[in-house]
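Chain residues, written in single-letter form:
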Amino acid sequence: MAASAAAVMEELRGSFREGRTRPAEWRTAQLRALVRMIEEKEDDISNALHADLAKPRMEAYLHEISLAKGACMFALKGLKNWMKPDKVPSAITTFPSTAQIVPEPLGVVLVISAWNYPFLLSIEPVIGAIAAGNAVVLKPSEIAPATSSLFAKLLPEYVDSSCIKVVEGGVTETGALLEQKWDKIFYTGNGNVARVVLAAAAKHLTPVALELGGKCPVIVDSNVDLHVAAKRIAVGKWGCNNGQACIAPDYIITTKAFVTELVDSLKRVLERFYGEDPLQSADLSRIVNISHFGRLTKLIDDKEVATKIQLGGQTDQEQLKIAPTVLVDVPLDTALMTGEIFGPLLPIITVDKIEESIAHINAGAKPLAAYLFTKDKKLQQDFVSNVSAGGMLVNDVALHLTNPHLPFGGVGDSGMGSYHGKLQLLCADPCASGVPEGEALAELSSLPSPVQHSRIVHV
Ligand code: NAD
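Residues numbered from 1 in each chain as written. Predicted model: local features only at pLDDT ≥ 70, side-chain atom pairs only at ≥ 80, totals over all residues.

Student: Describe the overall build of the protein, with residues and values.
Tutor: A tally of regular secondary structure across the protein gives 15 helices and 20 strands. For 459 residues, the compact-globule estimate of 2.2 N^0.38 gives 23 Å, and the C-alpha radius of gyration of the protein, at 23 Å, lies within 12% of that figure. Taken along the three principal axes of its C-alpha coordinates, the protein extends 75 × 50 × 40 Å. For the protein, with 459 residues in total, the buried portion stands at 49%. Across the protein, every contact between residues at least 6 apart in sequence was considered, and the portion connecting residues at least 24 apart equals 70%. (Helix = DSSP H or I, 4+ residues; strand = E, 2+ residues; numbered from the N terminus. Rg over C-alpha atoms; globule rule 2.2 N^0.38 Å. Buried ≥ 20, exposed ≤ 12 C-beta atoms within 10 Å, placed from the backbone. Contact = placed C-beta atoms within 7 Å.)

In structure tokens, the structure reads:
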């Protein structure tokens, strides 16, 4: 595999050096081809997602297929403008020259993708790499094998395979790819592997984007439209791949006085969404494989945790299904409360006063997303000002991911770098260029600092 990783790199490096990926026409043609692929092969994509995760068809369409097509269309619409140099003011020291920031492709990009949204999380960074004029290798996750092999089959049918390639495989194949010198590595997955990726990138001084996870908290205040809050939490947790989503609520914080009402409301919503026996519901994704099923059931088999289950708790190993499960006041030192859950278990922890939630969140690692439900404007302001997370929403969950005008990414333990929309140009270097005019010679101007994370108030 090492030789073939080197051969893939050599071919793509050659294509990039020849300048094949740079023209707007090439980028546009590839993006249009991807739109065509998504439209013509929608059923195949949906079937692959069903094979990998029993992902309900509507969910597959809403959360993967339509978002991927939207990302292509957004890039197609913005591309010409994004490629234009940005004029910036001249400095007194460079007067009367002009200065501009010229975006340029980085070169050959490696995208290493995860299994939970195996179509969207693979194709969206590839769209970014293409839009920015790079050659790109996609390494989909071996844990979603149907989607991985669909990519390997479809991409060569639709896009220029001298510049865009799929390499399938697991740890060995990814390790071989990581030995190559890339111009950017875009990794989505867990923090442990991110450290492996970062170490490999360091050898070649390759820049990386790391899209990781964490424990995404949801604060639920009693001053709230509870039915709406419960529905939105349920959609963001169980309606997103049965909790196997990086921005799904990981745990709730509410007050001791309000917790019973909250659990009752979640119960009503869950019954309406998934019926009396959620394990038989076709609207609930399964757990991806037996190893993750075992990891999740072990979390609730813990004696200290099992007694705290208030809703759900049913499991079916044959179908790899776990019912939506709500737990209250699980000890904070159990595995359920210390690591990212990434599944259908939703613990609620209680505090005396809702304001204590912010200190609780800040005592842990910075999450990929943090959510608050309240009508209280002051609490909203305190939350947005005092919590640090990759993305934040007030009175909803997970939806920020769908706004292409917002950067999507983590901060601290939840990742570095961001993408989506114009930020798909993650694979372009804003290179500062001085254009001399008259006698003066412009110096490099300082670059705009990258956006670290988004703060969104959605009321
Ligand atoms: P995964 O097991 O699919 O691994 C991700 C990729 O890393 C795969 O392509 C895999 O082949 C590769 N890989 C695994 N072990 C490796 C190794 N030792 N060396 C090199 N490559 C290796 O996915 P996962 O890590 O289970 O994904 C779940 C995690 O990803 C969660 O923490 C979740 O929050 C996070 N996530 C983040 C985002 C985001 O956009 N921020 C999206 C989805 C998932």
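Student: Describe the nonpolar core, and please don't skip the residues or the numbers.
Tutor: Counting residues in hydrophobic clusters, the biggest one holds 134 residues, and the most contacted among them are Val111, Ile127, Val136 and Val197. Examining the composition of this core, we find that nine residues originate from one element, helix α4 (residues 57-83), more than from any other. Ignoring sequence-local partners within four residues, the contact set of Val136 consists of Val109, Val111, Val126, Ala129, Ile130 and Ile164. (Core = buried A, V, L, I, M, F, W, Y, C linked by C-beta atoms within 7 Å.)

Student: Account for the sheet that holds strand β7 (residues 208-211), naming residues and giving values.
Tutor: Strand order in the open sheet formed by six strands is β5-β4-β3-β6-β7-β18, with mixed pairing between adjacent strands. The open sheet is flanked by β5 (164-166) and β18 (415-416), the only strands paired with a single partner. Bridge analysis of strand β6 (residues 184-188) against β7 gives four bridges, and the strand direction is parallel. Following the sheet pairing, Ile185 is matched in β7 by Val208. Seen against the sheet, helix α8 (residues 191-203) touches β3 (108-112), β6 and β7 and runs at an angle of roughly 180° to β7. (Pairing = 2+ DSSP bridges. Axes fitted to C-alpha atoms, helices over the stretch in contact; angles between N-to-C directions.)

Student: Any details on the UniProt feature "domain: Aldehyde dehydrogenase" (unreviewed entry) in the protein? Residues and values, ideally.
Tutor: As annotated in UniProt, the feature "domain: Aldehyde dehydrogenase" (unreviewed entry) corresponds to residues 5-422 in the numbering used here. Counting secondary structure, residues 5-422 comes out at 43% helix and 18% strand; the distance between its end C-alpha atoms is 30 Å. (UniProt positions renumbered as here; feature names shortened; annotations may be inferred.)

Student: Describe unusual backbone geometry, listing the residues and the values that go with them.
Tutor: Following Phe95, the chain continues into Pro96 via a peptide bond in cis, with omega recorded as 10°. Topologically, Pro96 is positioned in the loop between β1 (86-88) and β2 (98-105).

Student: Give me the sheet that holds strand β10 (residues 309-311): which residues, what numbers.
Tutor: The mixed open sheet is built from seven strands, whose spatial order is β10-β13-β14-β9-β8-β15-β16. The sheet terminates laterally at β10 and β16 (391-394), the two strands that pair on one side only. Neighbour to neighbour, the strand axes of the sheet diverge by 25° on average, direction disregarded. Sheet topology note: the β10/strand β13 (residues 325-328) ladder contains two bridges and is antiparallel. Its bridge partner being in β13, Ile309 is matched across the sheet by Leu327.

Student: Before we move on, could you go through the UniProt feature "active site" (unreviewed entry) in the protein and cite the residues and values that matter?
Tutor: Residues annotated by UniProt as "active site" (unreviewed entry) correspond here to Glu211 and Cys246. A stretch of 36 residues holds the annotated residues, and the largest C-alpha distance among them is 9.2 Å, short enough that they meet in one place. With respect to the secondary-structure elements, Glu211 resides in strand β7. Ignoring any residue separated from it by four or fewer positions in sequence, one finds Glu211 in contact with Tyr187, Thr188, Gly409, Gly410 and Gly415. With respect to the helices, strands and loops of the structure, Cys246 is situated in the loop between α9 (226-237) and β9 (251-255).

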